[in-house]
2 protein chains.
Amino acid sequence: MKIGILGGGQLARMLALAGHPLGLQCISLEPAAEACAAQVGSVIAGDFTDEDLLADFAAGIDVVTTEVEHVPLVALDYLQQHRRLAPGRRSIAVAQDRLLEKTLFHDLELPTAHFVPVDSLEDLVAAMQVVGLPAILKTRRMGYDGKGQVVLREASAAEAAWSAVAGAPCLLEAMVPFDREVSVIAVRSQEGECRFWPLTENLHHNGILSVSRALLEEPLQALAEQHCQRLLEALDYVGVLALELFQVGDKLLANEYAPRVHNSGHWTIEGAVTSQFENHLRAVAGLPLGATDARCAAAMVNFVGHVPAASAVLAVADAHLHVYGKQPRPGRKVGHATLCAAHPGLLEPGLKTLVHLAQGGREGDAIA
Amino acid sequence: MKIGILGGGQLARMLALAGHPLGLQCISLEPAAEACAAQVGSVIAGDFTDEDLLADFAAGIDVVTTEVEHVPLVALDYLQQHRRLAPGRRSIAVAQDRLLEKTLFHDLELPTAHFVPVDSLEDLVAAMQVVGLPAILKTRRMGYDGKGQVVLREASAAEAAWSAVAGAPCLLEAMVPFDREVSVIAVRSQEGECRFWPLTENLHHNGILSVSRALLEEPLQALAEQHCQRLLEALDYVGVLALELFQVGDKLLANEYAPRVHNSGHWTIEGAVTSQFENHLRAVAGLPLGATDARCAAAMVNFVGHVPAASAVLAVADAHLHVYGKQPRPGRKVGHATLCAAHPGLLEPGLKTLVHLAQGGREGDAIA
């Protein structure tokens, strides 16, 4: 079976690597000139809105999935006339628009931070009264890795914030004093079976995911699964989905979801019985889902801007290196390492070393 | 770093898949028209004895390794003038010749079955007196998967046996009434560090490996490691090596070794902290070795001649499918499945199903 993937970046690359042993061939469509998935599978270069290209793409595949949520809906409109989409158009369209997304959470009675739509400076000033300060002005579209967000701490900052988003349609959200950010990675089959990996705790650096830790025996696991299952069923979702949540005491506020495999699920390659990449392909291809149990304690460290020397990463016991074959650039995700151990407490020394290496430290340097 | 591999079959394919996350690119040289490694990496098609081709191959790589032991020594002679070989020429040359191999075992004081060189019918008749019956006449070269072997049960069968091997130089070996066949997969780094995976018990069907089981907490582990370490050091070996042993009571008789990753080590992809494929690449590339501990109980079922439906294999809990992308043919290894579980006893029901599927049974058929 041939799986068409919209996008040819590292997520498509790891999907392709998971597909080969299953006999599933991944073929990416990627507008950017450089597509790191091409090193491990097939990539068709070109624009998502080029209908001739979409026709060629559709002709060579059995089903369409995506590694990016910001794909033009016209591409999905065209492709769904010819091939099955998994996940479907609505699952992707809603994830592209924070207002549709938060409204869906609200309709499904998933708790969220207080939010108000903002389409003008007047709206923003009024919204600040409703939501309170501090708050975050977020563009409805094209936000990821902290992009398209302005923090408002004082009423006087409204004009500058509105100018920063350049008049884009927005939401104003209350800034939640959360205890931690967690995500639940889930997979749903074509028959509606849902499975959930252990919750992951996520730490960010400059708005980009830095470290994820799998939370084994987490009391909030069941609640997160309930929230996520409601979302999966409402969307009639097929494939892997990541729901990001803020933990506030014993509550979980839904922040956003990604209709795809997710950075906070990379630890599942070594840390879980079945990885998010394999289970996404299984769901999309109509194969039985694999178990999502943790195989061991696991954490992941992102390599942003540069990949440390392989010799330094692999000197850490039970560390597993994943480079993406991308040119390094500041702020660009170019690889990660998964760290495994028999118990969560045993992860800490290795994690400290990996974070140090990720931050540009060399092996043998004193670790702060 | 670019790793040149002599051969482009399933072992090269699984090496290439293990290499991508490490940033190691595998480039195979393969005489056969069909090379399943080409689906996941680079393959240069052509003969091992074509010097122009070898020159091109050498120019594009940093180090040479092999996935086959039966590679012409002239190719190694040429390549070692230009690139480092890992493992080295002698490790491969000795493995190509059962007499050199058994003589090395003898010199290293590794116990073996009683063996005598046979170069004529007269030699064979005399050897039967020394070795006793039953015995096995084995060609010195090109034997694998039970090929080039004739079992002798009566003195009168000597002439037919000698005719069956067509005058090829041979050994006569005593047929050992062994309790079971086990193999130890080991890896040795450029610095001489040796690591060993848990022993594997191997069951054959029609001379081809059928099922391997990792033996956790096996009392003979230490003895097997001692034998294997002596061999690795004598050969100044670099990379993964598999030593096949016959267990007779509390003794282990060395049968043969493979200077490469081995079918009986495929379970390490999911079942061990570091797979044989990744550790072979780490050793060859001069990177630190990964841990060889088992992550769980594990077994492997070979798919020979046909691959069962993916839906049936993946319906088995904690079963992991590996297809090789090869055209099915009788007697051809075309895939395998690894089965994992928390304890060895928990493997049995799933193993029964996988063996049934491997033998051509369909999902839901009664299992004998």
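Preceding this section is the structure that the text describes.
Residues numbered from 1 in each chain as written. Chains lettered and ligands numbered in written order. Predicted model: local features only at pLDDT ≥ 70, side-chain atom pairs only at ≥ 80, totals over all residues. Heavy atoms only, no water.

A. Main features of the environment of A:S275. Residues and elements named next belong to chain A. Within the fold, S275 resides in the loop between α9 (268-271) and α10 (276-285). The sequence separation of S275 and N263 amounts to twelve residues, and the corresponding C-alpha distance is 12 Å. Setting aside anything within four residues of it in sequence, one finds S275 in contact with W197, T268 and I269. At a separation of 3.0 Å, a polar atom in the side chain of S275 contacts the main-chain amide nitrogen of E278. (Helix = DSSP H or I, 4+ residues; strand = E, 2+ residues; numbered from the N terminus. Contact = heavy atoms within 4.5 Å. Polar contact = N/O pair within 3.5 Å; in protein donor to acceptor, adjacent residues only side chain to side chain.)

B. The arrangement of the sheet that holds strand β3 (residues 42-45) of chain A in detail. Residues and elements named next belong to chain A. Pairing is parallel in the open sheet, where five strands are placed in the order β3-β2-β1-β4-β5. A single partner strand is all that each edge strand has here, and the edge strands are β3 and β5 (84-85). Here five bridges tie strand β1 (residues 2-6) to strand β2 (residues 25-30), and the two strands are oriented parallel to one another. Bridge pairing in β2 places L6 opposite L29. Contacts from helix α2 (residues 51-59) reach β1, β2, β3 and β4 (63-66) within the one sheet, and its direction differs from that of β2 by about 175°. (Pairing = 2+ DSSP bridges. Axes fitted to C-alpha atoms, helices over the stretch in contact; angles between N-to-C directions.)

C. Main features of the interface of chain A and chain B. Contacts between the two partners involve 26 residues from chain A and, on the opposite side, 26 residues from chain B. Between chain A and chain B the total buried area reaches about 2200 Å² when both faces are included, carbon and sulfur atoms providing 60% of it. Residue A:R295 is joined to B:D318 by a salt bridge in which the shortest nitrogen-to-oxygen separation is 2.8 Å. Counting residues per element, the ones that place at least two in the side of chain A that touches chain B are α1 (10-22), α10, α11 (310-314) and β17 (319-323) of chain A. Of the residues assigned to the side of chain A that touches chain B, the class counts are 15 nonpolar, six polar and five charged. (Buried area = accessible area lost by both parts, 1.4 Å probe. Salt bridge = Lys/Arg side-chain N within 4 Å of Asp/Glu carboxyl O. Nonpolar A, V, L, I, M, F, W, Y, C, P; charged D, E, K, R; others polar.)

D. Representation of the pairing of strand β10 (residues 180-188) of chain B within the structure. Residues and elements named next belong to chain B. When you tally the buried positions in β10, you get eight out of nine residues, the bulk of the element. Pairing analysis gives nine bridges linking β10 to strand β14 (residues 239-248), with the strands arranged antiparallel. From the neighbouring strand, S183 faces β14, where its bridge partner is E244. Across three bridges, β10 lies against strand β12 (residues 200-205) in antiparallel orientation. Paired with V182 across the two strands is E201, which belongs to β12. The pairing of β10 with strand β11 (residues 194-196) spans three bridges and is antiparallel. (Buried < 20%, exposed > 50% of the residue type's maximum accessible area, 1.4 Å probe, protein only.)

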